[in-house]
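Fold and geometry: a report
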Amino acid sequence: MRERVVSFGNRLVGVLCEPELSVRVAGAPVLIVANIGMLHRPAPYRLYVELARRLAQRGVATLRFDVAGLGDSAPRNDALSDIEGAVADTRAAMQWLMEQKKGERFVLLGLCSGVDAAHTLAVVDERVTGAVFIDGYTYPTFKYHLREPLLKFFTLRRWLRRCARYVRQYHLGDLFQGQKAIYVRNYPSRVQLVADVETMLQRGKKLLFVYTSGIGHVFNYREQFFDMLAPARLEGRLELEYYYEADHLFSDPCQRERLWQRLESFVTTHWLPAGTPAAACSPNPREIG
Amino acid sequence: MEMHWAMRKLAGLLARDGFPVLRFDYFGTGDSAGGFEDASCARWQQDILVAAEELKELAQVKSIALAGCRLGATLAMGAVADGLQAGAVALWDPVISGSQYLLELQERERWEELESFCARPRYATHLLGYPLATVERQRIAQLDLAAVPPPSSTRTGVFFVRQRREFAQLARAWSAHRPACTFQHFPDDADPAKPGVRLADQIPRAITDWLARGAGA
């Protein structure tokens, strides 16, 4: 595995993690990941660093980079919105990877706000061959509305959470009071999202959607995904995971391990030749005492 | 993780004033090699020495200054105490008592657990989601900044937000140090509606001014 700091586009900074030549898989797509919220490129708990290193052991390269104004990348000097800027920067990443002959097909992965650029590009850009959306777009459904009051009022955890937030707010004040929104998201309409997912599937893109109970206030059961996109019949045409035990940023090491393994299997199943062995030093699931 | 932007800001201000700056991730953190489970304070302190040598070589300078935040500040002071030659050390809210620091992290873990939508299991081997072996916990618990007075050849500045008793104790413990250490307090209630402004702006600016004054003296 080889990692090096790279600079491309309009002074964007990233780290390219490449497999050793002996395990490199010809024609494999390059995974591209960018910031989660305002955090810089390694992501919380080094989610993207570990993922990149594991995929490199499997023969797949990963570029993790900072969009303009975040992490180590220079701020924007144009008038693009947050989402337009993230899309432009991801395009710049793909362009640079192609120029460097690192790959011609790409898999995009986004978590939370990172989903916006990944989604936009996965719909329109032919070079994107697959995408992973973690805690992406959600819409309430009838069953969600039935479950939400039950969870809200009859779950001890929700009450504890509410109390903790009140106490914290009382002691620290409302940290966000009087501040302008620091990141503006363009949420597609439900109809648009259905059309986008259909477009991606018709173009043969492989899709994995992962939801966690970290966004339990807007997504509270696994089938909500299919229900919210009904009447489109998506079962069996894409991959869906609901990690009830995981929070939004995968602070639990067991859940992180579960996510990493799932992402590895998503990439190896779709883009690596059958039977591609993991490198000898591929990390095993760790036991946690 | 949370300090990356602040350190970038500090580095930018210093570079603008003409100082070459090297900022780096410790072993097992950020983009650096290794896993957090293999990291230790001793290893990180070694990393500071390596970074200092790298900076001297890259920037072709003979004298360096160190700046660190929280545990990084305490490790920087430890590196100086162990013999690293530094003209100045800027300590941003340094960890003064390792045992107190661990208690703070444990309290933060409890709050985060309470505010989570799902039950978060606690692991004896982890703290705030990061692996932290018992041995390393014990080492952190033994950290005591007051017991590590800066050498007389090193200007030392302490920049802190929270008005803790520990800082007064640290000032007393280091009162015999010559030249005298600088203690700058940034009140927590300076602007409660914009807490981030103080962190993003005032402290990096104060550290930059302090280092620049020392370099010009």
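Residues numbered from 1 in each chain as written. Chains lettered and ligands numbered in written order. Predicted model: local features only at pLDDT ≥ 70, side-chain atom pairs only at ≥ 80, totals over all residues. Heavy atoms only, no water.

**Comments concerning the overall build of chain A**
Heads up, the condition is: Helix and strand definitions here come from DSSP, where helices need a minimum of 4 consecutive H or I residues and strands a minimum of 2 consecutive E residues; each element is numbered from the N-terminal end. The classification of residues rests on relative accessible area computed with a 1.4 Å probe and restricted to protein chains. Under 20% of the type maximum is buried, over 50% is exposed, and intermediate values are partly exposed. Any two residues whose heavy atoms approach within 4.5 Å are treated as being in contact. For the area figures, the Shrake-Rupley method with a 1.4 Å probe applies, and any residue is considered shielded solely by the protein chains shown.
Secondary structure summary: chain A contains 8 helices and 8 strands in total. The burial tally for chain A puts 54% of its 289 residues in the buried class. When contacts within chain A are restricted to residue pairs at least 6 apart in sequence, those whose partners lie at least 24 apart make up 73%. Counting every atom, chain A has about 13,500 Å² of accessible surface; 56% of that belongs to carbon and sulfur.

**Quick notes on the pattern of salt bridges**
Here is the rule: Salt bridge, as used here: a side-chain nitrogen of Lys or Arg that lies within 4 Å of a carboxyl oxygen of Asp or Glu.
Tallying each qualifying case throughout the model produces 31 salt bridges over all chains. Here arginine 41 of chain A and aspartate 66 of chain A are joined by a salt bridge, their closest N and O atoms 2.5 Å apart. Of this pair, arginine 41 of chain A sits in the loop between strand S3 (30-33) and helix H1 (47-58) while aspartate 66 of chain A sits in strand S4 (residues 62-66), and the two are 25 residues apart along the sequence. Judged on exposure class, the residue arginine 41 of chain A and its partner aspartate 66 of chain A are both buried. Here aspartate 89 of chain A makes a salt bridge to arginine 76 of chain A, at a shortest N to O gap of 3.0 Å. Separated by 13 residues along the polypeptide, aspartate 89 of chain A in helix H2 (residues 82-99) and arginine 76 of chain A in the loop between S4 and H2 bring together distant segments of the chain. Taking the relative accessible area as the measure of exposure, arginine 76 of chain A reaches 28% and is therefore partly exposed. A single network of salt bridges, built from pairs that share partners, joins Glu3, Arg41, Arg53, Arg64, Asp66 and Asp72 of chain A together with Arg23 and Asp31 of chain B.

**Some remarks on helix H5 (residues 134-141) of chain B**
All names here are of chain B. Using the following cut-off: What the arc measures is the spread of directions leading from the helix axis to the C-beta atoms.
Restricting attention to buried positions, one finds in H5 the residues Glu136, Arg137 and Ile140. The buried residues of H5 occupy an angular sector of 105° when the element is viewed end-on, so they sit on one face. Close packing links the buried residues of H5 with helix H2 (41-59), helix H4 (98-114) and strand S3 (126-127).

**Structural notes on the confidence of the model for chain A**
The criterion, for reference: Per-residue confidence from the predictor is given as pLDDT, running between 0 and 100.
Looking at chain A as a whole, the pLDDT averages 89, with 89% of positions reaching at least 70. Within the model, pLDDT remains below 50 along residues 279-289 of chain A, and this stretch shows 20 contacts once partners closer than five positions in the same chain are excluded.

**Re the interface of chain A and chain B**
What counts is decided by this rule: The definition of a polar contact used here is a pair of N or O atoms within 3.5 Å, where within protein one atom must be able to donate a hydrogen and the other to accept one, and adjacent residues in sequence count solely through side-chain atom pairs. Under the scheme applied, nonpolar residues are Ala, Val, Leu, Ile, Met, Phe, Trp, Tyr, Cys and Pro; charged residues are Asp, Glu, Lys and Arg; polar residues are all the others, including Gly.
Each side of the interface is counted separately: chain A has 47 residues, and chain B has 35 residues. One salt bridge in this structure joins arginine 41 of chain A and aspartate 31 of chain B, with 2.6 Å as the shortest N-O distance. In this assembly, chain A and chain B are joined by 17 residue pairs in polar contact (both at pLDDT 80 or more). In terms of residue count, the dominant contributor to the side of chain A that touches chain B is helix H5 (residues 156-172) of chain A (8 residues). Taken together, the residues that form the side of chain A that touches chain B break down as 19 nonpolar, 12 polar and 16 charged.

**Notes on unusual backbone geometry**
Here the amide bond leading from alanine 230 of chain A into proline 231 of chain A is cis, since omega sits at 10°, within 30 degrees of zero. Note that proline 231 of chain A resides in the loop between helix H7 (224-228) and strand S8 (239-243). In this structure, lysine 101 of chain A takes a positive phi of about 60° despite not being glycine. Tracing the chain through its elements places lysine 101 of chain A in the loop between H2 and strand S5 (106-111). Residue classification places lysine 101 of chain A among the exposed positions, given a relative accessible area of 74%. Of note, the phi angle at aspartate 93 of chain B is positive, near 45°, even though the residue is not glycine. With respect to the helices and strands, the residue aspartate 93 of chain B is situated in the loop between strand S2 (88-92) and H4. For aspartate 93 of chain B, a relative accessible area of 7% puts it in the buried group.

**Let's talk about the domain arrangement of chain B**
Interface size is commonly expressed as the accessible area that is lost once the parts come together. All names here are of chain B. The cut-off we apply is this: Marked domain ranges trace back to an automatic or database domain assignment. Accessible area that two parts lose when put together, with a 1.4 Å probe and added across both, is what the buried area reports.
Structurally, chain B comprises domain 1 (4-19 + 63-97 + 144-216) and domain 2 (98-142). A C-alpha centroid distance of 25 Å is found between domain 1 and domain 2. Taken together, the contacts link 9 residues of domain 1 with 6 residues of domain 2. In total, domain 1 and domain 2 occlude about 570 Å² of area from one another, counting both sides; carbon and sulfur atoms represent 46% of this. In this structure, the connection of domain 1 to domain 2 is made through 1 salt bridge. Note that arginine 70 is salt-bridged to glutamate 104, the shortest N-O span being 3.0 Å.

**A few points about empty space enclosed by the protein**
Under the convention used in this document: Grid points spaced at 1 Å and placed over the protein atoms alone form the basis of the search, with a cavity being a set where a 1.4 Å probe fits but cannot get out and a pocket an open set showing protein on both sides within 12 Å along at least five of seven lines. Lining residues have an atom within 4 Å of a point. Grid points are joined across faces, edges and corners, and a volume is the space filled by probe spheres set on the points.
Applying the stated criterion to the full structure yields 5 cavities of 30 Å³ or more. Taken together, 13 residues form the lining of the largest cavity, with Ser251 of chain A together with Glu109, Arg120, Pro121 and Gly129 of chain B sitting closest to its centre. With 3 residues, H4 of chain B is the single largest residue contributor to the lining of the largest cavity. Taken together, the residues of the lining of the largest cavity break down into 4 nonpolar, 3 polar and 6 charged.

**So, the sheet that holds strand S7 (residues 206-212) of chain A**
Pairing between sheet strands relies on hydrogen bonds along the backbone, with the strands arranged either parallel or antiparallel. Residue and element names in this part refer to chain A. Quick reminder of the rule: The rule for pairing is simple: two strands pair if DSSP sees at least two bridges between them. Axis geometry follows a simple rule: fit a line to the C-alpha atoms, using only the stretch in contact for helices, then measure angles between N-to-C directions, giving values from 0 to 180 degrees.
Read from one edge of the open sheet, 8 strands run S1-S2-S4-S3-S5-S6-S7-S8, paired in mixed fashion. The sheet terminates laterally at strand S1 (2-8) and S8, the two strands that pair on one side only. Geometrically, the sheet is characterised by an average inter-axis angle of 20° between neighbouring strands, direction not taken into account. One ladder, built from 5 bridges, connects strand S6 (residues 128-134) with S7; its direction is parallel. Paired with glycine 130 across the two strands is lysine 206, which belongs to S7.

**Concerning the packing of helix H3 (residues 115-124) of chain A against helix H6 (residues 190-202) of chain A**
Residue and element names in this part refer to chain A. The criterion, for reference: Any angle that is under 35 degrees is reported as roughly parallel, and any over 145 degrees as roughly antiparallel; angles of 65 to 115 degrees are reported as roughly perpendicular and all others as oblique. By convention, the crossing between two helices is left-handed when the near helix turns anticlockwise from the far helix through less than a right angle, and right-handed when the turn is clockwise.
At a minimum axis distance of 8 Å, the contact between H3 and H6 shows a crossing angle of 55°. When the interaxial angle is binned, H3 and H6 end up oblique. H3 and H6 meet at a crossing whose hand is left-handed. Counting all contacts with H3, which are made through His119, Ala122 and Val123, the residues of H6 involved are Leu193, Asp196, Thr199 and Met200. Here the residues of the contact of H3 with H6 sort into 4 nonpolar, 2 polar and 1 charged.

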